[in-house]
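Each chain, letter by letter, is given below.
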Amino acid sequence: MQSHNILFILRANYWLHVDRIVDVRKRKRGVRASREKLEEAMLNAGFDTQSRLAEKIAQLEQLDKAPKDLVNKMFREKAVSTHSFARIASALGVQAHTIYLTTDDSSFQNHTLTSSSPSLTNDALQINDNKDELHKPFRWSKVMQYLIVFFAACVCAILVYFLLIESQSINQSQRSPITSALGSIRIVIQSPEYLQPFANNLNSRINQTNELSSIIPSTSQINIMTASDILQMWQSHLLLQISSIHSHANNNQHAHTPSSAKPSSHYQLLRVVAFTEDKEHLLFEDVVYSHSLQSLQNTALQLIEDNLQSLITGNVWPQRLSTSRNALLHYLEGKEKLFVGSTENEFDVAELEFDKAIQADNKFAAAYAEKCRTLVRKSYINDAPDMLEQAAENCNQAYAIDSLSWPTLSALAELYVHSGHENDASTLLQNYIGPEINESDAMTLKAFVYFVRFRNGGGQEDAFSASANAKLAIAQNPSQWRAHNTLARLNLMKGNSIAAISSFEQATQTVKNEIIMSNLGVMQLCQGELNKAKSTFDEIINEFAGNYLGYEQLGSVLIIEQDMPSALEAKLSAIERMPNINIHQVWASLAEIYEYLEQAEQAQVHYQKALVLLEQDELLNITSDSDRVHKVYYQIKLDKLLERNLKLEGTYKVLVEETAKNSKLSIMAKRHLSWLLQLSGRAKTSEQIWQTIEHTCPVYSKQARWMKPNEQLAL
């Protein structure tokens, strides 16, 4: 796939047509809010996310559904009606005019292109048309004076701009080589204690070069000395100072890491700065894993060594992620939140941090990329079409700024795989040429891409690649919970439930995450260990307040136990915590409970809800073979509940096809397929599939034997 085409392989409604020209004569109606003022008002009102604000509006107006799209639209500084403005202001407890977008807002200029300035200009040209003609020469001369002054000011501004650019880039374009009469450049390396192994390896690599000589001073006093003092004391040409900035996830503060302190966050911004007698030069700056720097250092050290050679010879090298320290700090905080995030509120917080990074530096490509990644992950649990649309916008913005960076291309690959283009994601990652600093992230993404390829019909080579990449990611960073999750899901898909349990248990030893714990509980349920499963789901409910997973999966245990009233209560508690969840299986599970309780009307409503959500996924091209079985199952269930003629003839081909490749179907899809085959009179094939279910999940040969289909209807 050619690089200039990679942005346009999504469905047509994801394409962002950047060549559209806005007609400035068409005035957009409505009022815009200032995102900065909204965030300040939201903070003062005690709301930590946009979702909380939307829920407050729903509470005040007694709405069934929170108006999240309206809140999101206002925070994106889109024009809305004055009535909508008043709704938001009322929930925030402020006067509407206090959150207007005005000329003193930093984002005001972003909207001026769509203003009505041409009409103002036309009005200005018509002023005094009825004045005496004798005044025209005087008026014309004044205009000429203004024009001359204006053009002179423009010329001066341009000159000042280029002088500033020249002064800022003098280190890059007019740098003199660093030389030594003795033939060897002397270098001192300074680093905090916890980065000493990294510094030792850098020192070793430098000393392998004949023209360079480096040392790491043994005195601890070096950490309180200035660069000039160090250069003078050791009579060196260069000082290489290694440092890091990291995010404190627990107290939401940022700081440089002290010389003796090891960072507690998952990410840190690693920096290497070279000091000469009168200047400093940034040799290296990138976001790396705090706990896997040792495994990443070869790539980083090679970049530092290359840039050091460029500095010595007077050449240029690629520069920093962002010129704004504030942007970098918000970026780090967003990365941290995104790493641990699995709920809508957590994704909202991460998105807010990336928005702040973009506000501080609107050319920060990596911040746009990570916002894209955040929205992609958020799409799995809520409003998939809108989230993926927004994700595509941000990925395209990142690509427009820096089309070659790993953050940009990896985020784009993640967008591809979650929008039904896993083969294009794989091609994009395979064709990437450049240093992969965040290797654990990279391997985790590759593992997931290959897993999806295998799940959707790929061969054993995809399964092998998924397993190899997941294991490599875990080896580099044991806290990489998404890699653990992919490996366990792969083992389960291959029928190895014991290996899947082992992967989930290993993951819980390194990171407390509700998704990992939920999947561990599901596997305990699968093995028939119902009490263990209940204990795991109770732990999720107690430790992750507001999360729906504990209640959702506890309901599944109660279904196995045939305690349907309690199962219904648990499942509804899950929906209460995530009312807009777009996972169709959640709603279908509720429908089955209502059907068991002979509440046909509610069963119909929830099967229909599940079917609509599945068909939304079809439009996004993100369905799997299992989803095809689910769709037929929902349709037949609705037909039975509505007492319509069953159209099993049209489903026979689907049943045969899915039966042939049922080894890759989920356990629930196999259950549904077995039921459909039994209903259509193919009891033998239905029994064979049920036996594969029992082999993977023994609970279906014991406690859940009652769920085995026995209904028949001859075609």
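Just so it is clear, the model here is predicted, and its values are computed rather than measured.

### A short note on the overall build of the protein chain
Then, in step 1: The helix and strand tally for the protein chain stands at 30 helices and 6 strands.
Then, in step 2: Counting the 715 residues in the protein chain, one finds 51% classified as buried.
Then, in step 3: Accessible surface computed for the protein chain: about 34,800 Å², of which carbon and sulfur atoms make up 51%.

### Concerning unusual backbone geometry
Then, in step 1: Of note in this structure, Gln-235 is not a glycine but carries a positive phi near 50°.
Then, in step 2: For Gln-235, a relative accessible area of 52% puts it in the exposed group.
Then, in step 3: One non-glycine residue, Glu-598, lies in the positive phi region at around 60°.
Then, in step 4: Position of Glu-598 relative to the elements: it lies in the loop between helix 25 (584–596) and helix 26 (600–619).

### What about the pattern of salt bridges?
Then, in step 1: Summed over the entire model, instances satisfying the criterion amount to 23 salt bridges.
Then, in step 2: Taking the shortest distance from any N to any O, the salt bridge between Arg-271 and Glu-285 comes out at 3.1 Å. Pair noted here: Arg-271 is in strand 5 (residues 267–275) and Glu-285 is in strand 6 (residues 280–289), with a separation of 14 residues, a long-range link.
Then, in step 3: For Arg-271, a relative accessible area of 17% translates into the label buried.

### Comments concerning helix 19 (residues 481–493)
Then, in step 1: For helix 19, with 13 residues, the first-to-last C-alpha span of 18 Å sits near the 18 Å given by 1.5 Å per residue.
Then, in step 2: The element helix 19 is largely enclosed, with a buried count of 11 among its 13 residues.
Then, in step 3: All buried positions along helix 19 are accounted for by Trp-481, Arg-482, Ala-483, His-484, Asn-485, Thr-486, Leu-487, Ala-488, Leu-490, Asn-491 and Met-493.
Then, in step 4: Gly-495 occupies a position one or two residues after helix 19 and carries a positive phi of about 90°.

### Focus: the nonpolar core
Then, in step 1: Within the largest apolar cluster, 135 residues are counted, with the highest numbers of intra-cluster contacts made by Tyr-331, Phe-364, Leu-415, Ile-581, Tyr-634 and Tyr-700.
Then, in step 2: By residue number, the principal contributor to this core is helix 17 (residues 439–455), which donates 10 residues.
Then, in step 3: Once you skip the residues sitting within four places of it in the chain, Tyr-331 turns out to touch Val-287, Phe-354, Ala-357, Phe-364, Ala-366, Ala-367 and Glu-370.
Then, in step 4: Residues Ile-178, Val-272, Val-288 and Leu-308 belong to the second largest nonpolar core, which totals 27 residues.

### Digging into the environment of Ala-274
Then, in step 1: Here Ala-274 lies in strand 5.
Then, in step 2: We classify Ala-274 as buried; its relative accessible area is 0%.
Then, in step 3: The residues contacting Ala-274, other than those within four sequence positions of it, are Leu-239, Leu-240, Lys-279, Glu-280, His-281, Leu-283 and Leu-311.

### A closer look at the state of the cysteines
Then, in step 1: Applying the stated rule across the entire model yields 2 disulfides.
Then, in step 2: One disulfide bridge connects Cys-372 with Cys-395, the sulfur atoms lying 2.1 Å from each other. Its S-S torsion of approximately -85° makes the covalent link between Cys-372 and Cys-395 left-handed. Remark: Cys-395 occurs in helix 14 (residues 384–401) and Cys-372 occurs in helix 13 (residues 365–379); sequence separation between them is 23 residues.
Then, in step 3: Bridging Cys-526 to Cys-697, the disulfide has an S-S length of 1.8 Å. A torsion of -100° about the S-S bond marks the disulfide between Cys-526 and Cys-697 as left-handed. Within this pair, whereas Cys-526 is found in helix 21 (residues 514–526), its partner Cys-697 is found in the segment after helix 30 (683–696), the two being separated by 171 residues in sequence. Here Cys-526 matches Cys-697 in class, with each residue buried.
Then, in step 4: In the protein chain, the bonded cysteines, numbered by position in the sequence, are linked as 1-2, 3-4.

Criteria and thresholds
- Residues numbered from 1 in each chain as written.
- Predicted model: local features only at pLDDT ≥ 70, side-chain atom pairs only at ≥ 80, totals over all residues.
- Heavy atoms only, no water.
- Helix = DSSP H or I, 4+ residues; strand = E, 2+ residues; numbered from the N terminus.
- Buried < 20%, exposed > 50% of the residue type's maximum accessible area, 1.4 Å probe, protein only.
- Areas by Shrake-Rupley, 256 points an atom, 1.4 Å probe, with all protein chains shown as cover.
- Salt bridge = Lys/Arg side-chain N within 4 Å of Asp/Glu carboxyl O.
- Expected span 1.5 Å × (residues − 1).
- Core = buried A, V, L, I, M, F, W, Y, C linked by side-chain atoms within 4.5 Å.
- Contact = heavy atoms within 4.5 Å.
- Disulfide = S-S within 2.5 Å.

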